[in-house]
Amino acid sequence: MSKTQDELKEMVAAKALEFIPQNGILGVGSGSTVVKFIQAIQAHGIKVAGAVSSSNRTTELLTEIGVKVLDPNECEPYEVYIDGADEVNDNFEMIKGGGACLTREKILASMAKTFVCIVDKSKLVSTLGKFPLPVEVIPMAREQVARSLRALGGNPVLREGCITDNGCEILDVHGLSITEPKALETQINAIPGVVTVGLFAHRGADVVLYATDEGVHEKRKPE
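Residues numbered from 1 in each chain as written. Predicted model: local features only at pLDDT ≥ 70, side-chain atom pairs only at ≥ 80, totals over all residues. Heavy atoms only, no water.

### Observations concerning the overall build of the chain
Going by this rule: Segments assigned H or I by DSSP are reported as helices when at least four residues long, segments assigned E as strands when at least two residues long, and all are numbered from the N terminus. Under the scheme applied here, a residue whose accessible area is under 20% of the maximum for its type counts as buried, over 50% as exposed, and between as partly exposed, the area being computed with a 1.4 Å probe on protein chains only. Whether two residues are in contact is decided by their heavy atoms, any of which lying within 4.5 Å being enough.
The helix and strand inventory of the chain stands at six helices and 13 strands. Expressed as lengths along the three principal axes of its C-alpha atoms, the size of the chain is roughly 50 × 40 × 35 Å. Taken over 223 residues, the chain has a buried fraction of 52%. Long-range contacts, defined as pairs at least 24 residues apart, comprise 73% of the intrachain contacts of the chain with a sequence gap of at least 6.

Right, dumping it as structure tokens:
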């Protein structure tokens, strides 16, 4: 019998508990699968020495279960960052930002020795871009950034009613087939007014855990 997407998320969240460092800081992302992960930490009574968080909501959830949340500015680079993705390809490159937390997620990913991406099987793709690519922008630059994104062949649409934790806006770029994620990440990040693009290619995942009806599978990036 096929499992629901909710059940798949619970399965992969439980598997991710194995990656929590015993005495080190844990980086925690955001989104529905990460919520399951935080719930699993509480349900299994796992001790987390301290955490850095990618969103206000994640901070609230961690604090509620008694995990001390630290300021990234006061932390050294740490061992493990655990987060979901909207799409992940065979090269461990991702689209993230469906939950509008992409900038803080990218900062925390850059500080981590190991990035563990937790997804259900529906997020695995051969080519990135079917999921609209989020771009966080400074509000005064929105239209100029949109022009630049249209010149790259995309169709940027303002995400209505969305203000990020950084006080910025999100343009969701439709219609891209992203065959060179690293190059496009560099190109979009260079547009004046872009805070960051939701392409995680230069700093992709090191481990992808993905849930299927048969169980949770693990892929590791070659050394």
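Now, onward.
### As for the sheet that holds strand 3 (residues 78-83)
The line we're drawing: Strand pairing is assigned whenever DSSP detects at least two bridges linking the two strands. Orientation is described by axes fitted as lines to C-alpha atoms, over the contacting stretch for helices, and by angles from 0 to 180 degrees between their N-to-C directions.
With mixed pairing, the six strands of this open sheet are ordered in space as 2-1-3-6-12-13. A strand with exactly one partner marks an edge of an open sheet, and here the two such strands are strand 2 (50-53) and strand 13 (215-220). Recorded for the sheet is a direction-independent mean angle of 20° between the axes of neighbouring strands. Sheet topology note: the strand 1 (residues 25-28)/strand 3 ladder contains three bridges and is parallel. Its bridge partner being in strand 3, Gly 27 is matched across the sheet by Tyr 81. Strands strand 3, strand 6 (112-120), strand 12 (207-212) and strand 13 of the sheet are contacted by helix 1 (residues 5-16), whose axis makes an angle of about 140° with strand 12. Each of strand 1 and strand 2 touches helix 3 (residues 56-64); the most contacted strand, strand 2, lies at about 160° to it.

### Remarks on the nonpolar core
Basically, it comes down to this: For our purposes a nonpolar core is just a set of buried Ala, Val, Leu, Ile, Met, Phe, Trp, Tyr and Cys residues, chained together by side-chain atoms within 4.5 Å.
Ranked by size, the top nonpolar core spans 26 residues in total, and within it Leu 26, Phe 37, Ile 82, Val 116, Ile 118 and Leu 209 carry the most contacts. Those elements that provide at least two residues to this core are helix 1, strand 1, helix 2 (32-43), helix 3, strand 3, strand 6 and strand 12. The dominant element in this core, judged by the number of residues it contributes, is helix 2, at five residues. When residues no more than four places from it in sequence are discounted, the contact partners of Ile 118 are Val 12, Ala 16, Thr 33, Phe 37, Ile 82, Asp 83, Gly 84, Ala 85 and Leu 209. Core analysis: the next-biggest nonpolar cluster, separate from the first, contains 20 residues, Leu 133, Val 135, Ala 146 and Ile 191 among them.

### Side note on the pairing of strand 2
Heads up, the condition is: Looking down the strands as they point away from you, a crossover is right-handed if its path from the first strand over the helix to the second goes clockwise.
Residues Gly 50 and Val 52 line one face of strand 2 and the alternating positions Ala 51 and Ser 53 line the opposite face, and both faces are buried. Where strand 1 lies against strand 2, four bridges are found, and the strand directions are parallel. Of the residues in strand 2, the one forming a bridge with Leu 26 is Ala 51. One crossover worth recording links strand 1 to the parallel strand 2 by way of helix 2, and it is right-handed.

### Here's the deal with helix 5 (residues 142-151)
Let me state the cut-off plainly: Think of the arc as the fan of directions from the helix axis to the C-beta atoms.
For helix 5, the full list of buried residues reads Val 145, Ala 146 and Leu 149. Buried residues of helix 5, seen end-on, are gathered within an arc of 105° and therefore sit on one face of the element. Taken together, the buried residues of helix 5 touch strand 7 (133-137), strand 8 (155-158), strand 9 (169-174), helix 6 (181-189) and strand 10 (194-197). The positive-phi residue at the C-terminal boundary of helix 5 is Gly 153, with phi of around 100°.

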